Structures are given as structure tokens and as C-alpha cells.
Amino acid sequence: MKIKGTTIICTKKNNQVAIGGDGQATFGDTVLKQSVSKIKRLYNDTIISGMAGSTADAFNLYEKFEAKLQKYQGIITRAAIEMARDWRTDKILRKLEAMMIVANKDHILLISGSGDVIEPDEPMIAIGSGGNYALSAGKALYYNTNLSAKEIVKKSLEIAGDICIYTNQNHTIETIG
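If you're wondering where the values come from, they're calculated on a predicted model, not measured in any experiment.

A. Seen up close, the overall build of the chain. The helix and strand tally for the chain stands at four helices and 12 strands. A compact globule built from 177 residues would reach a C-alpha radius of gyration of about 16 Å, and the chain, at 15 Å, matches this within 12%. Dimensions along the principal axes, computed over C-alpha positions, put the chain at roughly 40 × 40 × 25 Å. Excluding contacts between residues fewer than 6 apart, the proportion of contacts in the chain whose partners are at least 24 apart in sequence is 61%. Within the structure as shown, the chain displays about 8800 Å² of accessible surface, and the carbon and sulfur contribution to it stands at 50%.

Written out as C-alpha cells, the structure reads:
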């Protein structure tokens, strides 16, 4: 059995970038913890990130990504590409089961262990077991309301939490701008 389940969503609207995640950690059919923080600020608070996957893997990947940001002076795209390369080719990192969303005022990126660095066509992306629910809600809110990026993320997480059994209503949301 693995610890699984989370919802992370990130969007950019009107010069504000917001990322949020729920707080539930699940092991099989048991909720282990209601208040896990899966959102982190990086590189002098200029980058926000969220992680779906095991907690130990998340901390390891945050550390590695922060080191890449330091090495490449906060250039998020370069750091993400180098992180994905290491993640895919390193014997130990390759076994980590997680996905990351990282964002700054200019870019939203998904980084995966298969070597992917994806910048979505739309100013929104979501991951985790409740990711598709949050993404659907987020798109509807983005294109049909005047809500801010932070308000879209919050409402999307609430909707996902009402649908996905691996997502709760304990949210952490960070913004830039």
C-alpha cells in the first residue's frame, strides 16, 4: 500500500499567480492526516510550488529543485529542465513517485519523473487524484467569473474536495503578485 491522494491546482490571472493544495494524506482506505502542507515557497519567495506524491519524495524533490534554482539564479525554466533530467536519469531519484507544479510570475510548469517539463497552453494546471475535478472547476471559474487567481484556486479545491474522496477541505494557498 502507498500513501496516495491529493489535489494541487495552479492558475494565473491578472498578474496574480496562485497555487493551492488540500491537506489530506491517505494510506489505502484510511485518512492518516488532515493537515499536510503540500505547498511551498521557493527561491526567496519568488516561486511557489505544489507536490503530489509521497511526503518523503516531496521533500527530497523540493530540496533538489531549490538547489537547481540556486545554481541557475532563479531561472525557473532552466532549473525545471535540469531537475527533470536528473529525476529521469538518476538511479535513486528515478524511483521517486511524485509530480510537481512550479510557478513564478511568468511561468507555470509541471515537472514529472518521466522527464517531462510542460507549460500548459492555458494559464492553469492541476495534478493529483482530485486534479481533474479541480481543473474542470477552475476552467469554468476562470472563463466565466471575475474571481481572482486565489479565489479560483480556493473554490476549485472546495469543489474537488466535495467530489474526490482523497481530497479534503483543509487548504493551503500561496500567491505571487
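B. Representation of the packing of aromatic side chains. Counted according to the given criterion, the structure contains one aromatic pair. Taking the centre distance of 4.8 Å and the plane angle of 75° together, the rings of Tyr 142 and Tyr 143 count as edge-to-face. Judged by its relative accessible area of 18%, Tyr 142 falls in the buried class. Across from the ring centre of Tyr 142, 5.2 Å away, lies the NZ or CZ of Lys 13, which sits over that ring. Over the ring of Tyr 62 we find Lys 40; its NZ or CZ atom is 6.0 Å from the centre of that ring.

C. Region of interest: the sheet that holds strand S2 (residues 8-13). If you trace the four strands from one edge of the open sheet to the other, you get S11-S2-S3-S12, paired in antiparallel fashion. Two strands in the sheet have a free side with no partner beyond their single neighbour: strand S11 (124-127) and strand S12 (172-176). Strand-to-strand, the axes of this sheet are offset by a mean angle of 10°, without reference to chain direction. One ladder, built from five bridges, connects strand S3 (residues 16-21) with S12; its direction is antiparallel. Residue pairing for S12: Ile 19 is matched across the bridge by Glu 174.

D. How the structure looks around the nonpolar core. Counting residues in each nonpolar core, the largest one holds 22 residues, and the members touching the most others are Leu 61, Phe 65, Trp 87, Met 100, Val 102 and Ile 111. For this core, the secondary-structure elements that each account for two or more residues are strand S7 (47-53), helix H1 (55-71), helix H2 (76-89), strand S8 (98-103) and strand S9 (108-112). Sorting elements by how many residues they give to this core places H2 first, with six residues. Ile 8, Ile 48, Ile 101 and Ile 127 belong to the second-largest nonpolar core, a separate cluster that totals 14 residues.

E. Examining the side chain of Thr 26 more closely. Within the element layout of this structure, Thr 26 appears in strand S4 (residues 25-27). A relative accessible area of 2% places Thr 26 in the buried class. There is a polar contact of 3.2 Å between the side chain of Thr 26 and the side chain of Gln 24.

F. Spotlight on the environment of Ala 79. With respect to the secondary-structure elements, Ala 79 resides in helix H2. A sequence separation of 68 residues divides Ala 79 from Thr 11, and the C-alpha atoms of the two residues are 20 Å apart. Apart from residues no more than four positions distant in its own chain, Ala 79 is found in contact with Phe 65, Lys 68, Leu 69 and Tyr 72.

G. Main features of the sheet that holds S8. The sheet built from five strands is open, its strands ordered S6-S7-S8-S9-S10 with antiparallel pairing. Lying at the two open borders of the sheet, with one neighbouring strand each, are strand S6 (39-42) and strand S10 (117-118). The strands touched by H1 are S6, S7, S8 and S9; relative to S7, the strand with the most contacts, the crossing angle is about 150°. Of the strands in this sheet, S7, S8, S9 and S10 are in contact with H2, which crosses S9 at around 10°.

H. Representation of H2 in the model. In this model H2 runs 20 Å from its N-terminal to its C-terminal C-alpha over 14 residues, within 8% of the 20 Å that 1.5 Å per residue would give. Among the residues of H2, Ile 76, Ala 79, Ala 80, Glu 82, Met 83, Ala 84 and Trp 87 are the ones counted as buried. Against S7, H1, S8, S9 and S10 lie the buried residues of H2.

What counts as what
Residues numbered from 1 in each chain as written. Predicted model: local features only at pLDDT ≥ 70, side-chain atom pairs only at ≥ 80, totals over all residues. Heavy atoms only, no water. Helix = DSSP H or I, 4+ residues; strand = E, 2+ residues; numbered from the N terminus. Rg over C-alpha atoms; globule rule 2.2 N^0.38 Å. Contact = heavy atoms within 4.5 Å. Areas by Shrake-Rupley, 256 points an atom, 1.4 Å probe, with all protein chains shown as cover. Phe/Tyr/Trp six-rings, centres within 6.5 Å; stacked < 30°, edge-to-face > 60°. Buried < 20%, exposed > 50% of the residue type's maximum accessible area, 1.4 Å probe, protein only. Lys NZ or Arg CZ within 6 Å of the ring centre and 35° of its normal. Pairing = 2+ DSSP bridges. Axes fitted to C-alpha atoms, helices over the stretch in contact; angles between N-to-C directions. Core = buried A, V, L, I, M, F, W, Y, C linked by side-chain atoms within 4.5 Å. Polar contact = N/O pair within 3.5 Å; in protein donor to acceptor, adjacent residues only side chain to side chain. Expected span 1.5 Å × (residues − 1).

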